[in-house]
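Close look at the chain arrangement
What follows is the residue order along each chain.
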Amino acid sequence: MRTEQELNVNRESGVEKYRIAIFASGTGTNAHKIIQHFKTHPTIEVALIVCNKPGAGVLSIAENEGIPTLLIEKEPFFRGDGYVPELQNAGIQFIVLAGFLWKIPQSLIEAYRLHIINIHPALLPKYGGKGMYGAFVHTAVLAAGEKESGITIHFVDEHYDHGDVIFQATCLVEPGDTPESLASRIHQLEHQHFPLIVEQVILAAQQETATK
Ligand SMILES: Nc1nc2c(c(=O)[nH]1)N[C@@H](CN(C=O)c1ccc(C(=O)N[C@@H](CCC(=O)O)C(=O)O)cc1)CN2
Ligand SMILES: NCC(=O)N[C@@H]1O[C@H](COP(=O)([O-])[O-])[C@@H](O)[C@H]1O
């Protein structure tokens with residue numbers, strides 16, 4: 001049984017906070033914005049950072065923010081239980097993918113059905129699927145001569161970038177854009193919207209559970 005400190009029970013209300021795990025593989029700017037957003041939230045907290053890349057920037061962010069981390073490995077993730085026992089023992093109720101570069105396995109999908117969301121740096125269904133991550137996405141958008149790009153936040157299912165879309169926002173592709181300049185514009189959209197959408201989806205999930 002976790003102690004009150006581990007549960008981080010809200011001092012005023014005594015209510016155990018709703019616990020989010022963020023999965024990330026890289027720099028972690030989106031993870032950081034989400035951590036900051038929920039730092040003073042009365043009922044929701046970021047309780048765990050899950051990462052598959054030793055030395056990733058997101059791990060330093062977690063350390064600086066005092067958030068526990070879980071470094072995962074391929075074999076147990078893909079051929080084992082997807083770390084479901086560890087997540088459930090940590091009391092994790094919702095998973096946010098923020099630049100996580102491995103496919104979520106069936107075991108984890110089933111344990112957290114409709115409780116995993118992802119942000120993709122393009123307007124799905126275009127420019128999604130295997131191989132479509134980071135600069136590869138922006139390079140493909142520019143190569144196709146698109147006049148606009150944007151972000152998609154969606155539920156995660158067994159396939160890459162296939163789950164129901166929750167939110168999209170667009171930005172212009174400017175003349176002379178490079179993958180880096182477009183990525184910067186996309187990142188601004190992500191930082192503006194992702195924390196708020198995460199909160200809205202979680203509050204809706206809590207509301208649905210409460211009315212069942
Ligand atoms: N079951 C699901 N898992 C994941 C999803 C999803 O929608 N369903 N979204 C991805 C995030 N993502 C796009 O938003 C994405 C990330 C990575 C890849 C990809 O091709 N990865 C490479 C491996 C890269 C590496 O190991 O460095 C690969 O699979 O070969 C595609 C899309 C997160 N998981
Ligand atoms: N297809 C998945 C994908 O490309 N995800 C993208 O990785 C970046 C992570 O940045 P961050 O580590 O600074 O949050 C974000 O732009 C996110 O949309």
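Note that this is a predicted model, so its numbers are computed, not measured.

Let us now look at the overall build of the chain. Across its full length, the chain carries 8 helices and 7 strands. Taken against the 2.2 N^0.38 rule, which gives 17 Å for 212 residues, the C-alpha radius of gyration of the chain at 17 Å falls within 12% of a compact globule. In terms of overall dimensions, the chain has a C-alpha envelope of 55 × 40 × 40 Å along the principal axes. Relative to its full complement of 212 residues, the chain shows a buried share of 46%. Excluding contacts between residues fewer than 6 apart, the proportion of contacts in the chain whose partners are at least 24 apart in sequence is 64%.

Bringing the environment of tyrosine 133 into the picture now. With respect to the secondary-structure elements, tyrosine 133 resides in the loop between strand S5 (116-120) and helix H7 (135-143). Distance in space between the C-alpha atoms of tyrosine 133 and threonine 40 is 31 Å, their sequence separation being 93 residues.

Turning next to the site of ligand 1. Around ligand 1 there are 22 residues in total, and Lys130, Gly131, Asp157, Tyr160 and Asp161 lie nearest to it. A distance of 2.6 Å separates an oxygen atom of ligand 1 from a polar backbone atom of glycine 131. Between an oxygen atom of ligand 1 and a main-chain N or O atom of aspartate 161, the distance comes to 2.7 Å. Coverage of ligand 1 by the protein chains reaches 87% of its 700 Å² of free accessible surface. Most atoms of ligand 1, that is more than half of them, are within 2 Å of grid points of the largest pocket. Take the shell around ligand 1: its biggest share by element is 3 residues, from S5. Looking at the shell around ligand 1, its residues break down into 10 nonpolar, 6 polar and 6 charged.

Let us look at the UniProt feature "binding site: N(1)-(5-phospho-beta-D-ribosyl)glycinamide" (unreviewed entry) in the chain. Following the UniProt record, the feature "binding site: N(1)-(5-phospho-beta-D-ribosyl)glycinamide" (unreviewed entry) maps to Gly28, Thr29 and Asn30 here. As for the lining of the largest pocket, the annotated residues named previously contribute Gly28, Thr29 and Asn30. Along the chain, the position of glycine 28 falls in the loop between strand S1 (18-24) and helix H2 (29-38). Leave out the neighbours within four places in its chain, and glycine 28 touches Val58 and Ile61. Tracing the chain through its elements places asparagine 30 in helix H2. We classify asparagine 30 as buried; its relative accessible area is 8%.

Conventions adopted
- Residues numbered from 1 in each chain as written.
- Chains lettered and ligands numbered in written order.
- Predicted model: local features only at pLDDT ≥ 70, side-chain atom pairs only at ≥ 80, totals over all residues.
- Heavy atoms only, no water.
- Helix = DSSP H or I, 4+ residues; strand = E, 2+ residues; numbered from the N terminus.
- Rg over C-alpha atoms; globule rule 2.2 N^0.38 Å.
- Buried < 20%, exposed > 50% of the residue type's maximum accessible area, 1.4 Å probe, protein only.
- Contact = heavy atoms within 4.5 Å.
- Near = heavy atom within 4 Å.
- Polar contact = N/O pair within 3.5 Å; in protein donor to acceptor, adjacent residues only side chain to side chain.
- Areas by Shrake-Rupley, 256 points an atom, 1.4 Å probe, with all protein chains shown as cover.
- 1 Å grid on protein atoms, 1.4 Å probe; cavity = no way out; pocket = protein on both sides within 12 Å on 5 of 7 lines; lining within 4 Å.
- Sits in = over half its atoms within 2 Å of the grid points.
- Nonpolar A, V, L, I, M, F, W, Y, C, P; charged D, E, K, R; others polar.
- UniProt positions renumbered as here; feature names shortened; annotations may be inferred.

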